[in-house]
Structure formats: structure tokens, C-alpha cells
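# Architecture at a glance
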Amino acid sequence: MATYRKYKLTDNVYLLRLDDADTRFFEGIWPIPEGITYNAYIITTGEGSILIDGWKREFSSMFIEAIEEVTDLRDIRKIVIHHTEPDHTGSLDAVLRALGNVELLGTQFAKSMLEAFLGKSLPNFKPLKDGEKITLGDVELTFIHTPWLHWPDTAMTYYAEKKILFTCDAFGGYSIPRTVIDASEDIVNEYLPHARDYFANIVAKYSQHVIKAVDKLVSMGIDYKIVAPGHGLVWVNRPDIIVKSYLAWARGERFGGKFKVVIVYSSMYGNVEKMISSIVERLEGLDIELKVYKFTDKTHDNISDVLGDMLDADLIILGASTYEGALNPLMEKIVSSICSKFKGLRKRFIIVSSYGWAASADKELTRKLTDAGMEIIKNITYKGRPGRDLLEKASEDVVKVIRDIRGA
Ligand code: FEO
């Protein structure tokens, strides 16, 4: 079910948040049982209003209803498009049909992509240069190009007088937070894992662009006090938390917390699971954060969470069964995502694999991860079911690897 909330951020800035509990797979790919929000904003001025971004197409009539709770639709003079992905622009078609010739503002990339998505030319779309001002009445905004957050078309807008930075996908997250702003530490702690999963699924491939964008904001002297993204919490009290978290994730690091080990494994008949269970039992006595995800004949865990937890792990243990003389296809899918999205982050891995007639899972995992620049610290490969001696030795070897990393 979808509902919306209207929230007054300042005397003339409003958030319109659609809480989408219906979408189960973001982009049709990533499982999000926690849901997602689409955040649009309205700035009212003495000479009409500026609309910033929008919602998904299926919520268009609700979007118009929400706008009209803040301002007469016909008072909208300008619409700022930060990013053309249809989770933010799907509702634009309905708005344009109702409004007619309103001025659209965005990057040149956004113009061509939006025309393709809407299937019509947009003569009222004015491409803005980096740093160009948007003015209406007594409001002045600065349009800042921040490409690849998360497409080449993306930008942010800074409202200097109110110190609000509108960021669209950047600094966003999955889930439908209980509040619209970062109202308490509990709310923030509840939300950050969802923001990290979103980062891992959607933004991580462009991590270097996150670092570049934050550097750019600093070099421009952008002194934001509020970070207003297109998804998730609006950061009013501690915007530094989400910015520092994004920077840590962009480097593949943790933002606080204990040394973190993530185990992800596939097991067809328990031969991989037996080894993983032995390692888990040994690691549970250590003062670390341990997360375990499995793909077996009983359970398939949530791949969005898998990637999110791997992103900021200090050590990843991948356990894979061999399937038809090759890498188990479920593990292949996960590893392809790692290699594509985490390329350049040089995550550390231990590989565990079992085989019947060819040690192909180990070989394929090693090749794929090495080609993507990952560090493989240890391979634990065996034929069939692991015996007691191997279980004990392998578990001790994993503990030694952790001690070596922590001591380095
Ligand atoms: Fe939230 Fe890249 O769209």
C-alpha cells in the first residue's frame, strides 16, 4: 500500500514523500521488503513555486493531490529535474499535462534522456550549466552538476539562504523511515543499514563519483545544514552522518562498529554448509560482528542485504558448491555483482568450495575476484564432505587470517 506525507522543512520549503510499500524489487532487481520512499520538494516564493523532482508514474494522481495541499498546481513556475530515472520523473507526464508550458531545468544529459522516456520533445526544457543560478521571486538556488549519482544526468541544487542541499539519489536509502527527518539516534541507527544496502545496490558502482562530488561541494564552499535526498530520511539534525557514511561506503569501509566478517555461501547437499558451520562456530567466540547469509535447499537470503553487508565488511568468506562442473549459478550471480559494483574497493576474501570431480568453483571464483582487483587471502577447497581434521584446521586458519588483518 502507498501513502504520502507532507512535511514543512522551513517556512517556504515542503517535502512531499511517497511511502511505497508495494514495490518489492527496486529496479525490478533488488528485493526491498522494507519498501522505499520517493521525496519531492516544493519551494514557495512570492512569484510562484519551484517543484523539485517527483515520484513514480503509478503515483501520479497522488502526487498532484499532494502538490495541491501546498500550492495551486498552476502556481508552479519551474520544475528542477535532478535525475531522469523514472522513480523520480514518472509522475512528470501527468504534471506537464496539467500545467502545460512550465519551465523544466536540468542537465543537457537529462533533457535528452527525459525526452526519450516521455516520448516527446520538451521545448521548455532549459539545460543548465554547472553552477548556474535558478531564480524565482526572492529565492535563488545554485545548480551543481554531480554526474553518475547515479546516472550521467545527475545534479544537485543548493538553496544557500536556507542552507538546504537537494541531492536526489545521493545520500538516499531504502526503507520507509518512521519519521521524515533524522529525529533521533534510534531512527538513524534503524535507517543506516537500509541506506548502506541502497548504496551497495545502486550507487556503489559509481563510488569514485561520490568522493568527487563531496570534494566538489567542499571546494565550492557549500555550507549545507540540511541534506534533502530523493529517497529516505531528510537530514536536518546530523547531515554529517549520512555524508560520512557515504564516503566510508564509497571506500568500501565501515562507518564505526566492530571488525566485521560476512559469510555468504551456497550449499546443495550440505558439504559446503558443514565447513561454514564449523567456521561460524569458531568465530562466534571472537569479539567481531559476524553476518551469515545462505543459499541452500531450505533458504535463499535477501541479495540486497548480502551486497550491503559485504560492502563494509573487513573480511568476506564466500562458500560455493560446484554445479555441473562450474561455479554454482547463484554464487556466480552474487560474484558478478561484487565484481561489477565493488570494483576498485579491493575487498578481502577467503574462498571455501567443495567439488565432486572438478574444483571449478574455486578456480572461477579466484579468477573473477582477482580480475576485479580483489584480494584473496586463502582458498579452502576439498573434494566431497570435509572431515574432522580439515574442519578444525580450516577454522583455525580463518581465525589466524582475522588476527593477521587486525594486527596489520
Ligand atoms: Fe532513485 Fe537512480 O533513481
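Reading the values: rules and limits
- Residues numbered from 1 in each chain as written.
- Predicted model: local features only at pLDDT ≥ 70, side-chain atom pairs only at ≥ 80, totals over all residues.
- Heavy atoms only, no water.
- Pairing = 2+ DSSP bridges.
- Helix = DSSP H or I, 4+ residues; strand = E, 2+ residues; numbered from the N terminus.
- Axes fitted to C-alpha atoms, helices over the stretch in contact; angles between N-to-C directions.
- Polar contact = N/O pair within 3.5 Å; in protein donor to acceptor, adjacent residues only side chain to side chain.
- Contact = heavy atoms within 4.5 Å.
- Domains from an automatic or database assignment.
- Buried area = accessible area lost by both parts, 1.4 Å probe.
- Salt bridge = Lys/Arg side-chain N within 4 Å of Asp/Glu carboxyl O.
- Nonpolar A, V, L, I, M, F, W, Y, C, P; charged D, E, K, R; others polar.

## Focus: the sheet that holds strand β13 (residues 164–168)
Read from one edge to the other, the open sheet built from five strands follows the order β10-β11-β12-β13-β14, with strand pairing classed as mixed. Taken across any chain shown, the strands that pair with only one partner, and hence form the sheet edges, are β10 (133–136) and β14 (226–229). Averaged over all neighbouring strand pairs, the angle between strand axes comes to 25°, with direction disregarded. Direction of pairing for β13 relative to β14: parallel, over a ladder of four bridges. In the sheet register, F166 faces β14, and the bridge partner there is A228.

## Looking at the side chain of S207
Looking at where S207 falls in the secondary structure, it is placed in helix α6 (residues 207–219). Here A204 takes part through its backbone oxygen, which lies 2.7 Å from a polar atom of the side chain of S207.

## Here we look at the sheet that holds strand β9 (residues 125–127)
The seven strands lie next to each other as β1-β2-β5-β6-β7-β8-β9, forming an open sheet whose pairing is mixed. On the outer flanks of this sheet lie β1 (2–8) and β9, each paired with one strand and no other. Across the sheet, the axes of successive neighbouring strands diverge by a mean angle of 20°, strand direction being ignored. Sitting on the sheet, helix α4 (residues 108–118) is in contact with β8 (103–106) and β9, with an inclination near 150° to β9.

## Quick look at the domain arrangement of the protein chain
For the protein chain, the domain assignment lists domain 1 (2–250) and domain 2 (260–407). Each side of the interface is counted separately: domain 1 has 12 residues, and domain 2 has 15 residues. Looking at the side of domain 1 facing domain 2, the largest losses of area belong to W30, R196 and K205, adding up to 38% of the total buried there. Joining domain 1 to domain 2, the criterion identifies two salt bridges. Note that R196 is salt-bridged to D312, the shortest N-O span being 3.8 Å. Where domain 1 touches domain 2, the interface holds six residue pairs in polar contact (both at pLDDT 80 or more). Mapped onto the side of domain 1 that touches domain 2, the elements with two or more residues apiece are β4 (30–31), α5 (185–203) and α7 (239–250). The biggest single contributor to the side of domain 1 that touches domain 2 is α5, with five residues. The residue makeup of the side of domain 1 that touches domain 2, split by class, is eight nonpolar, one polar and three charged.

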